[in-house]
Protein chains: 2
Amino acid sequence: MRAAERTADGENAPWGEVTPEAARKLLVAAVEAFAERGYHATTTRDIAGRAGMSPAALYIHYKTKEELLHRISRIGHDKALALLTAAADGGGTAAQRLAEAVRSFVRWHAEGHTTARVVQYELDALGPEHRAEIVELRRRSTATVRRILVDGVRDGEFDVPDVPGTTLAVLSLCIDVARWFNAAGARTPDEVGALYADLVLRMVAVRK
Amino acid sequence: MRAAERTADGENAPWGEVTPEAARKLLVAAVEAFAERGYHATTTRDIAGRAGMSPAALYIHYKTKEELLHRISRIGHDKALALLTAAADGGGTAAQRLAEAVRSFVRWHAEGHTTARVVQYELDALGPEHRAEIVELRRRSTATVRRILVDGVRDGEFDVPDVPGTTLAVLSLCIDVARWFNAAGARTPDEVGALYADLVLRMVAVRK
DNA sequence: GATGGCTCTAAGCGCTTGCTCACCCTCGGG
DNA sequence: CCCGAGGGTGAGCAAGCGCTTAGAGCCATC
């Protein structure tokens, strides 16, 4: 195994679970292409070209272009849900758990904004069954955040008149980072994460 | 002039400035198609079909499919900037102006989520010159919101450690409404606007 | 009632798309 | 040294793409 590679996402070996290597190279190429130009504007020739292979090679590892998108979306949503679950189960006060959830979720959307863009904005390109599977994962992410808010309200830490609406707003705020974040911009993923965690805590704080 | 028409966007005659009628019908059809399937996945035959015309009719009123997108994007961004500017110039305290800006901006993204989705998410499909023109409008929208925050901080109404970052977050929060809002959902545009105005005011409030 | 200018259509051009297929290369096991 | 299996390729198919063109219908003007 060669030394850890840094990807365009700034993560270490984020697609390690995808084997064999040719399949992983194609998937990484697809993520880049989908993020840059969108799923529908990306051709199988473009994906194969980025991976240094012929168009036909794609179909050895994936049945269709849509299956490629599904693999990407599935892995990304699994990761996102894992981050939120880890924060929610991490212990500490509700405020600490909420801050950690926002921090790590935002950081993931910023560091992996290439991947996140595909994961968050190309959902409609999935077929019905694949989309249903992904939507269920998203439902669980929402439930995880809502749970933290409910805990905080119960313990008197938070003042949240509309828990479902605020849950939606918090997730929405984090997700939209993928749209505007620019790796060449002024802010690092950590800085954005810290800023957003602060803003979210203010949104739910009890007014003294 | 005929009686006010209600569109899928829930706005009154939002495309009244587009003439002749055939051009407007094509543009409305394009908005729906672009919002549903995305610019690249939409065919000129689909647009023309929705408008009840032949594919060739499109090219009488618009040079290319991209010009259609540009007209939509331009009109939408003009409207968005007008909303924000009206709120910023509306008088009252900074908090009142900020709340009104968020309320109307959110309401527009919810009521016209079809249009807003095209306006906010299909920017990359524009050609370089058209995109530059739109980006300038967006810069002015950002500046308008930032001005309200700066005023509020100056007057001691707001506590905002990071004005540019918070400006970005506020706009981001509002824009993302276009992604998740569903007209058949539980909330009306007015309710979302009120909720979001409250959340944003909490984000900038001085802590007592 | 011929004319010229618009709007719109039927047909289709040249090209690209997602995907397939016949075949080739490499390489470990008998 | 041959073989079979599986990853890879070049060529190409049917379908669909954005867009064009020749001409039909309409209507105000002279």
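Position numbers for residues start from 1 in each chain and track the written sequence from start to end. Naming scheme: in the order in which they are written, chains are lettered from A and ligands are numbered from 1. Where local features are concerned, this predicted model is filtered to residues with pLDDT of at least 70; where side-chain atom pairs are given and counted, the filter is 80 or more; whole-chain, interface and lining totals use all residues. Side-chain measures were taken over the full set of non-hydrogen atoms in the model, leaving aside hydrogen atoms and water.

A. Fine view of the overall build of chain A. Put simply, DSSP H or I for four residues or longer makes a helix, DSSP E for two residues or longer makes a strand, and each gets a number counted from the N terminus. Along the backbone of chain A there are 10 helices and zero strands. If you list the helices and strands of chain A from N to C, you get α-α-α-α-α-α-α-α-α-α. Computed over C-alpha atoms, the radius of gyration of chain A comes to 18 Å, within 12% of the 17 Å expected from 2.2 N^0.38 for 208 residues, which places it in the range of a compact globule. Projected onto the principal axes, the alpha-carbon positions of chain A cover approximately 65 × 35 × 30 Å. When burial is assessed residue by residue, chain A has 50% of its 208 residues classed as buried. Within chain A, contacts between residues separated by at least 24 positions form 68% of all contacts whose residues are at least 6 apart in sequence. For chain A, the computed accessible surface area is about 9400 Å², with 52% contributed by carbon and sulfur atoms. Residues scored as charged are limited to Lys and Arg (positive) and Asp and Glu (negative), so that His and the chain ends carry no count. By convention, charge coordinates are those of NZ in Lys, CZ in Arg, CG in Asp, or CD in Glu. On chain A, the mean spot of the 28 positive side-chain charges and the mean spot of the 28 negative ones are 1 Å from each other. All radius of gyration figures rest on C-alpha atoms, and the globule criterion is 2.2 Å times the number of residues raised to 0.38. Only protein chains enter the calculation, and the probe is 1.4 Å; a residue is then buried if its accessible area is under 20% of its type maximum, exposed if over 50%, and partly exposed in between. Residue contacts are counted whenever heavy atoms from the two residues lie within 4.5 Å of one another. Exposure was quantified through the Shrake-Rupley algorithm and a 1.4 Å probe, taking into account, for residues, occlusion by the shown protein chains and nothing else.

B. Layout of the nonpolar core. Among the nonpolar cores identified, the biggest contains 79 residues, and L98, V102 and Y196 of chain A together with L98, V102, V177 and Y196 of chain B are the most heavily contacted of them. Each residue touching L98 of chain A, except ones within four places of it in the same chain, is listed here: I148, L149, F158, V200, L201 and V204 of chain A. To form a nonpolar core, buried Ala, Val, Leu, Ile, Met, Phe, Trp, Tyr and Cys residues must be joined to one another through side-chain atoms within 4.5 Å.

C. The arrangement of the protein's contact with DNA strand C in detail. Any residue with a heavy atom positioned within 4 Å of a molecule or strand is treated as near that molecule or strand. Residues in close proximity to DNA strand C total 16 residues, the closest being T43, Y59 and K65 of chain A together with I60 and H61 of chain B. For DNA strand C, the backbone makes up 51% of the atoms found within 4 Å of the protein, where backbone means sugar plus phosphate. In the analysis that follows, any N or O atom pair within 3.5 Å is treated as a polar contact, provided that within protein one partner can donate a hydrogen and the other can accept it, and provided that, for residues neighboring in sequence, both atoms belong to side chains. Taking Y59 of chain A, its side chain carries an N or O atom lying 2.8 Å from a phosphate oxygen of DNA strand C. Here a phosphate oxygen of DNA strand C and a side-chain polar atom of H61 of chain B are 2.8 Å apart. Among the secondary structure elements, those contributing two or more residues to the surface near DNA strand C are helix 2 (44-50) of chain A together with helix 3 (58-61) of chain B.

D. Local environment of the interface of chain A and chain B. Across the contact, 31 residues belong to chain A and 31 residues belong to chain B. Here the buried area means the combined drop in accessible surface, using a 1.4 Å probe, for two parts upon being joined, counting both sides. For the pair chain A and chain B, the summed buried surface comes to about 2600 Å²; carbon and sulfur atoms form 54% of the total. When the buried area of chain A at its contact with chain B is split by residue, R179, R202 and M203 of chain A rank highest and sum to 25% of it. For this document, the term salt bridge refers to a Lys or Arg side-chain nitrogen within 4 Å of an Asp or Glu carboxyl oxygen. Where chain A packs against chain B, one counts six salt bridges. Across the chain A-chain B interface, the total number found is 11 residue pairs in polar contact (both at pLDDT 80 or more). Here the element with the most residues in the side of chain A that touches chain B is helix 8 (residues 163-175) of chain A; it accounts for eight residues. Across the side of chain A that touches chain B, the residue classes break down as 15 nonpolar, five polar and 11 charged. Here the term charged refers only to Asp, Glu, Lys and Arg, the term nonpolar to Ala, Val, Leu, Ile, Met, Phe, Trp, Tyr, Cys and Pro, and the term polar to all other amino acids, Gly among them.

E. Representation of the relation of the copies chain A and chain B within the structure. The copies are overlaid by a least-squares fit using only the C-alpha atoms of residues whose pLDDT is at least 70 in both copies. For the pair chain A and chain B, the best superposition has an RMSD of 0.0 Å and corresponds to a rotation of 180 degrees with a translation of 0.0 Å parallel to the axis. What the superposition gives is, in effect, a two-fold axis relating one chain to the other. In this assembly the copies share their binding face: 100% of the residues contributing to the interface of chain A also contribute to that of chain B.

F. Expanded view of the protein's contact with DNA strand D. By nearness alone, 16 residues border DNA strand D, and H61 of chain A together with T43, T44, Y59 and K65 of chain B come closest of all. Of everything in DNA strand D that lies within 4 Å of the protein, sugar and phosphate atoms constitute 50%. In the model, a phosphate oxygen of DNA strand D is placed 3.0 Å from a nitrogen or oxygen of the S54 of chain A main chain. The separation between a phosphate oxygen of DNA strand D and a polar main-chain atom of T42 of chain B is 3.2 Å. By residue class, the composition of the surface near DNA strand D is seven nonpolar, six polar and three charged.

G. Geometry of the pattern of salt bridges. By the definition in use, this model includes 40 salt bridges over all chains. As a salt-bridge pair, D176 of chain B and R179 of chain B come within 2.7 Å of each other at their nearest N and O atoms. Through salt bridges that share partners, E32, E36, R37, D46 and R50 of chain A make up one connected network.

H. Local environment of the confidence of the model for chain A. One number per residue, pLDDT, summarises how confident the predictor is, and it ranges from 0 to 100. Put simply, chain A has an average pLDDT of 91, and 94% of its residues get 70 or more. Confidence drops under a pLDDT of 50 for residues 1-10 of chain A, and excluding neighbours within four residues, the segment shows 12 contacts in the predicted structure.

I. Quick peek at the side chain of E66 of chain B. All names here are of chain B. Turning to its location among the elements, E66 is positioned in helix 4 (residues 65-88). Although E66 is buried, it forms no salt bridge, and the closest oppositely charged side chain is R131 at an N-O distance of 7.6 Å. The residues contacting E66, other than those within four sequence positions of it, are Y39, A125, L126, G127 and H130.

J. How the structure looks around the side chain of R202 of chain A. On the secondary structure map, R202 of chain A appears in helix 10 (residues 189-204). Within the structure, R202 of chain A has its side chain in polar contact with the backbone oxygen of M203 of chain B (distance 2.7 Å). When neighbours within four sequence positions are excluded, R202 of chain A is seen to be in contact with D159, P161, R202, M203, V204, A205 and R207 of chain B.

K. The packing of aromatic side chains, seen in detail. Note on aromatic pairs: the rings of Phe, Tyr and Trp (six-membered ring only in Trp) are paired at centre separations within 6.5 Å, and the planes decide the class, stacked below 30 degrees, edge-to-face beyond 60, tilted for the rest. Applying the stated criterion to the full structure yields seven aromatic pairs over all chains. With a centroid separation of 6.2 Å and an interplanar angle of 50 degrees, the aromatic rings of W180 of chain B and F181 of chain B are classed as tilted. Here W180 of chain B matches F181 of chain B in class, with each residue buried. Measuring from centroid to centroid gives 6.4 Å for W180 of chain B and Y196 of chain B, while their planes differ by 40 degrees, and the two rings are tilted. Placement of W180 of chain B in helix 9 (residues 177-180) and of Y196 of chain B in helix 10 (residues 189-204) is noted, with a sequence separation of 16 residues between them. When its relative accessible area of 1% is taken as the criterion, Y196 of chain B is described as buried. Aromatic ring contacts, followed pair by pair, group W180, F181 and Y196 of chain A into a single cluster. Both a distance and an angle decide whether a charge sits over a ring: NZ of Lys or CZ of Arg must be within 6 Å of the ring centre and within 35 degrees of the ring normal. Directly above the aromatic system of Y39 of chain A lies the positively charged group of K65 of chain A, at a separation of 4.6 Å from the ring centroid.

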